[in-house]
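If you want the building blocks of each chain, they are given just below.
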Amino acid sequence: MTLIVNDGTPEMRGLLEKGRKRLRNVGVVMLILGVLAVAFPFVTTIAFKTVIGWLFLFGALGHFYGAWNADTPTRRSLDVVQGIVFALIGGWLAFMPEGGIVTLTVLLAIAFLLHGIFETLMALWLKQFPGWKWMLVSGGISVLAGILIFAELPSSATWAIGLLIGINLLSSGFSYLMVSMAMGKVSQA
């Protein structure tokens, strides 16, 4: 692993400052979104589910467009079937307020586990910066959040998604701010 040090050149200072600002800005946005999600967990759960539904609906449109432009009947049939499936799932998620929350809660638990693993790997990759341990802690929190979601199913599905998204956003935002502050010390050296 390469240790990144500030060699005092304007190029290195510029690179460190650009990375620091980017991490700081992402951290602040994540903190704000995290506070809102924790304050309104059921609303966040419904919003998250609705956005997923709309993504499926846009996917359905893509499949129907593919069917319209297909060069073979088999391809056209496959795109139509996939478009119908995507439209049904998307409509159910987007327009049925409480439908699909348990299923999405399971998917979210898996996403938290994967996010925690990747954030832990990213922390290990950033070991040369003094604030890397904050990102490691955040990765651990994401893994723990995923385990907690699984442990409380199905009774917690209405609030778990929103609350845990908020907690994850808060921990990630805080860790990004800590790494940004540590990078600021390196860029000034």
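Remember, it's a predicted structure, so these values are computed and weren't measured experimentally. (Residues numbered from 1 in each chain as written. Predicted model: local features only at pLDDT ≥ 70, side-chain atom pairs only at ≥ 80, totals over all residues. Heavy atoms only, no water.)

> An account of the overall build of the chain is requested, with residue identities and associated values reported.
For the chain, the helix and strand inventory stands at six helices and zero strands. Listing the helices and strands of the chain from first to last along the sequence gives α-α-α-α-α-α. Computed over C-alpha atoms, the radius of gyration of the chain comes to 21 Å, more than 25% over the 16 Å expected from 2.2 N^0.38 for 189 residues, which places it beyond the range of a compact globule. The principal-axis extents of the C-alpha atoms in the chain amount to approximately 65 × 45 × 25 Å. Residue burial in the chain is summarised as follows: out of 189 residues, 39% are buried. Considering only contacts within the chain whose residues lie at least 6 apart along the sequence, 80% involve residues at least 24 apart. Across the chain, the centroid of the 12 positively charged side chains sits 8 Å from that of the 8 negatively charged ones. (Helix = DSSP H or I, 4+ residues; strand = E, 2+ residues; numbered from the N terminus. Rg over C-alpha atoms; globule rule 2.2 N^0.38 Å. Buried < 20%, exposed > 50% of the residue type's maximum accessible area, 1.4 Å probe, protein only. Contact = heavy atoms within 4.5 Å. Lys, Arg positive; Asp, Glu negative; His and termini not counted. Charge placed at Lys NZ, Arg CZ, Asp CG, Glu CD.)

> Break down a nonpolar patch on the surface for me, with residues and values.
Residues Val51, Trp54, Leu55, Phe58, Leu61, Phe64, Val80, Ile84, Leu88 and Phe95 make up a contiguous nonpolar surface patch of roughly 1000 Å² in combined accessible area. If one sorts the elements of the nonpolar patch by residue count, helix 2 (residues 41–68) sits on top with six residues. Tracing the backbone shows Val51 in helix 2. (Patch = residues over 30% accessible without salt bridge, like charges linked within 9 Å, V, L, I, M, F, W, Y side chains within 5 Å. Areas by Shrake-Rupley, 256 points an atom, 1.4 Å probe, with all protein chains shown as cover. Salt bridge = Lys/Arg side-chain N within 4 Å of Asp/Glu carboxyl O.)

> Now, about the environment of Leu107: what can you tell me, with residues and values included?
The topology assignment puts Leu107 in helix 4 (residues 101–125). Using a relative accessible area of 48% as the deciding quantity, one classes Leu107 as partly exposed.

> Can you lay out the packing of helix 4 against helix 5 (residues 132–152) for me, pointing to particular residues and giving the numbers?
The angle between the axes and the distance between the axes are what describe a pair of packed helices. At their nearest, the axes of helix 4 and helix 5 sit 7 Å apart, and the two run at 160° to each other. Relative to helix 5, the element helix 4 is oriented roughly antiparallel. In this structure, helix 4 meets helix 5 at a crossing whose hand is left-handed. Of the residues belonging to the contact of helix 4 with helix 5, the class tally is 18 nonpolar, nine polar and one charged. (Axes fitted to C-alpha atoms, helices over the stretch in contact; angles between N-to-C directions. Parallel < 35°, antiparallel > 145°, perpendicular 65-115°, else oblique. Left-handed = near helix turned anticlockwise from the far one by under 90°. Nonpolar A, V, L, I, M, F, W, Y, C, P; charged D, E, K, R; others polar.)

> Any chance you could break down the side chain of Thr44 for me, citing the residues and the numbers?
Within the secondary structure, Thr44 is located in helix 2. Among the residues examined, Thr44 registers a relative accessible area of 17% and is labelled buried. Those residues in contact with Thr44 that sit more than four places away from it in its chain are Leu36, Ala37, Gly162 and Ile165.

> Please provide a residue-by-residue account of the packing of aromatic side chains, values included.
One pass over the full model with this rule turns up four aromatic pairs. Between the aromatic rings of Trp54 and Phe58, the centroid separation amounts to 6.1 Å while the plane-to-plane angle is 45°, which identifies the pairing as tilted. With Trp54 and Phe58 both in helix 2 and four residues apart, this pair spans about one turn of that helix. Summarising the aromatic geometry, the rings of Trp54 and Phe95 are spaced 5.5 Å apart at their centres and angled 75° between planes, so their arrangement reads as edge-to-face. Of this pair, Trp54 sits in helix 2 while Phe95 is found in helix 3 (residues 73–95), placing the two residues 41 residues apart along the sequence. We classify Phe95 as exposed; its relative accessible area is 52%. (Phe/Tyr/Trp six-rings, centres within 6.5 Å; stacked < 30°, edge-to-face > 60°.)

> Tell me about the packing of helix 2 against helix 3, and please be specific about residues and values.
In the contact formed by helix 2 and helix 3, the axes pass within 7 Å of each other and the chain directions differ by 160°. In this view, helix 2 runs roughly antiparallel relative to helix 3, as classed from their interaxial angle. Relative to helix 3, the crossing made by helix 2 is left-handed. When its residues are assigned to classes, the contact of helix 2 with helix 3 shows 17 nonpolar, nine polar and three charged.

> Can you tell me about the confidence of the model for the chain, naming the residues and giving the values?
Chain-level statistics for the chain give a pLDDT mean of 83 and a share of 93% at 70 or above. Confidence scores differ between elements of the chain, with helix 6 (residues 157–188) showing the lowest mean pLDDT of 81 and helix 2 the highest of 90. (pLDDT = per-residue confidence, 0-100.)

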